[in-house]
Amino acid sequence: MASSCRRPEHSAPPDVVSYSPFYCFCSSRMIEIQTQMSERAVELLNLPEGQPCFLLDVGCGSGLSGDYLSEEGHHWVGVDISTAMLDVALDREVEGDLIVGDMGHGMPFRPGTFDGCISISALQWLCNADKRTHSPPKRLYTFFSTLYSSLSRGSRAVFQLYPENSEQLELITTQAMKAGFSGGMVVDYPNSSKAKKFFLCLFAGVSGVLPKGLGSETSDKTVPNQVQYSGQRCRFKNMKGKSAKKGRDWILEKKERRRRQGREVRDDTKYTGRQRRPHF
């Protein structure tokens with residue numbers, strides 16, 4: 001579990017903390033990590049292949065996760081409590097629609113609006129009482145119950161989060177199940193202190209098989225309806241800080257996705273993804 005010291009949700013409310021330049025202006029490393037976690041969350045959604053979907057991004061911030069959703073051809077709506085972060089998203093000209101809102105007040109959408117929901121590093125904020133009137137269990141239940149209503153039946157919601165302890169995990173999952181969801185926690189690389197990531201994978205209306213976490217030796221690929229993961233994701237574990245992007249395989253995969261989306265893409269040649277010599 002993440003240590004309680006230096007946790008941002010303990011220092012101030014989210015709309016205050018997010019005014020920090022640390023959150024508004026991210027480094028290239030932070031952008032890369034955010035993109036990787038967004039990619040994993042979308043993978044856990046198990047969306048139909050090649051079909052644009054309408055997704056909700058809770059705690060969208062400056063729109064980094066939304067950039068990945070747009071790149072994959074999906075339409076999205078982002079909700080965040082911080083107007084400062086949303087102003088950054090507007091300056092970046094993200095493609096999604098943006099709404100100012102507090103997760104603890106619920107999601108203000110019609111029933112069955114979205115095909116899925118993702119949230120990166122936001123859910124744990126609901127476990128803190130920033131005001132005397134705040135009750136974390138009530139705020140969590142209000143959020144999950146309204147989210148459940150806004151999702152189409154059979155869809156999923158995936159939350160990447162940094163739980164402080166096991167009691168916090170139990171509080172979150174209990175309120176989610178009370179609101180009608182099924183599912184549970186997916187832990188990637190459970191034996192690693194640095195690469196370990198927690199994803200709460202919830203099913204709306206229809207129970208499904210909980211996906212296995214990456215890096216788990218007990219993963220059973222014969223289970224029906226289980227999300228199948230590409231072994232290429234393991235490249236992040238062994239790159240020692242180097243980006244796996246811009247390689248030939250990555251470029252070919254991206255071009256193929258864009259072709260399926262109907263976009264105009266140059267033909268593949270022997271020069272595609274070729275490493276160029278540095279110029280001095």
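Bear in mind the structure is a predicted one, so any value in this text is a computation, not a measurement.

**Some points on the nonpolar core**
Consideration 1: By size, the foremost hydrophobic cluster in this structure holds 31 residues, and its most contacted members are L56, L123, F143, F144, L147 and F159.
Consideration 2: Secondary structure elements with two or more residues in this core: β1 (54-58), β2 (75-80), β4 (114-120), α7 (136-150), β5 (151-161), α8 (166-178) and β7 (197-203).
Consideration 3: Broken down by element, the residue count for this core peaks at 5 residues, all from α7.
Consideration 4: Apart from the residues within four sequence positions on either side, F144 is in contact with L123, F159, I172, Q175, A176, A179, F181, L200 and L202.
Consideration 5: Judged by nonpolar contacts, the second largest core, of 20 residues, contains L47, Y68, I118 and V186.

**Quick look at the packing of aromatic side chains**
Consideration 1: Scanning the model with the defined rule gives 7 aromatic pairs in all.
Consideration 2: Between F143 and F144 the ring centres are 5.2 Å apart and the planes differ by 55 degrees, which places this aromatic pair in the tilted class.
Consideration 3: Among the residues examined, F144 registers a relative accessible area of 0% and is labelled buried.
Consideration 4: When the centroid spacing of 5.9 Å and the interplanar angle of 75 degrees are considered together, the rings of F143 and F159 count as edge-to-face. One end of the pair, F143, is in helix α7; the other, F159, is in strand β5, and 16 residues separate them in sequence.

**Quick notes on helix α9 (residues 248-260)**
Consideration 1: Helix length check: α9 (13 residues) gives 19 Å between terminal C-alpha atoms against 18 Å at 1.5 Å per residue, within 8%.
Consideration 2: Among the residues of α9, W250, K255 and R257 are the ones counted as buried. Down the axis of α9, the sector holding all buried residues measures 160 degrees, keeping them to one side.
Consideration 3: Residues of α9 that are buried make contact with α5 (64-71).

**Quick word on α7**
Consideration 1: In this model α7 runs 21 Å from its N-terminal to its C-terminal C-alpha over 15 residues, within 8% of the 21 Å that 1.5 Å per residue would give.
Consideration 2: P136, R139, L140, F143, F144, L147, Y148 and S150 are the residues of α7 that are buried. Within α7, the buried residues cover an arc of 160 degrees as seen down the axis, which keeps them to one side.
Consideration 3: Contacts made by the buried residues of α7 are with β1, β4, β5, α8 and β7.

**A short note on the confidence of the model for the protein**
Consideration 1: On average, the protein scores 81 in pLDDT, and the residues at 70 or more come to 78%.
Consideration 2: Across the protein, β1 holds the top mean pLDDT of 98, while helix α3 (residues 21-24) sits lowest at 48.
Consideration 3: Segment residues 16-20 is flagged for pLDDT under 50; beyond a separation of four residues in sequence, or across chains, it makes 12 contacts in the model.

**What to know about the packing of α7 against α8**
Consideration 1: Between α7 and α8, the shortest axis-to-axis distance is 8 Å and the interhelical angle comes to 45 degrees. Looking at the two axes, α7 sits oblique to α8. Of the two elements, α7 crosses α8, and the hand of that crossing is right-handed. Contact residues: P136, P137, L140, Y141 and F144 in α7; L171, I172, Q175, A176 and K178 in α8.
Consideration 2: Class assignment for the residues of the contact of α7 with α8 results in 8 nonpolar, 1 polar and 1 charged.

**Structural notes on the side chain of R139**
Consideration 1: Here R139 shows up in helix α7.
Consideration 2: Here R139 falls in the buried class, since its relative accessible area comes to 9%.
Consideration 3: When residues no more than four places from it in sequence are discounted, the contact partners of R139 are D102, G104, H105, L126 and H134.

**Things to note about the pattern of salt bridges**
Consideration 1: Evaluation of the coordinates by the stated rule reveals 6 salt bridges.
Consideration 2: One salt bridge in this structure joins E43 and R40, with 3.5 Å as the shortest N-O distance. In this pair, E43 and R40 are both assigned in helix α4 (residues 28-45), 3 residues apart and thus about one turn of the helix distant. Here E43 and R40 have matching classes, each one buried.
Consideration 3: Put simply, R92 and D67 hold a salt bridge, and the shortest N to O gap is 2.2 Å. Placement of the pair is R92 in the loop between α6 (83-91) and β3 (97-100) and D67 in helix α5, with a sequence separation of 25 residues.
Consideration 4: Classification of D67 as partly exposed rests on a relative accessible area of 30%.

Cut-offs used in this document
- Residues numbered from 1 in each chain as written.
- Predicted model: local features only at pLDDT ≥ 70, side-chain atom pairs only at ≥ 80, totals over all residues.
- Heavy atoms only, no water.
- Core = buried A, V, L, I, M, F, W, Y, C linked by side-chain atoms within 4.5 Å.
- Buried < 20%, exposed > 50% of the residue type's maximum accessible area, 1.4 Å probe, protein only.
- Helix = DSSP H or I, 4+ residues; strand = E, 2+ residues; numbered from the N terminus.
- Contact = heavy atoms within 4.5 Å.
- Phe/Tyr/Trp six-rings, centres within 6.5 Å; stacked < 30°, edge-to-face > 60°.
- Expected span 1.5 Å × (residues − 1).
- Arc of directions from axis to C-beta.
- pLDDT = per-residue confidence, 0-100.
- Axes fitted to C-alpha atoms, helices over the stretch in contact; angles between N-to-C directions.
- Parallel < 35°, antiparallel > 145°, perpendicular 65-115°, else oblique.
- Left-handed = near helix turned anticlockwise from the far one by under 90°.
- Nonpolar A, V, L, I, M, F, W, Y, C, P; charged D, E, K, R; others polar.
- Salt bridge = Lys/Arg side-chain N within 4 Å of Asp/Glu carboxyl O.

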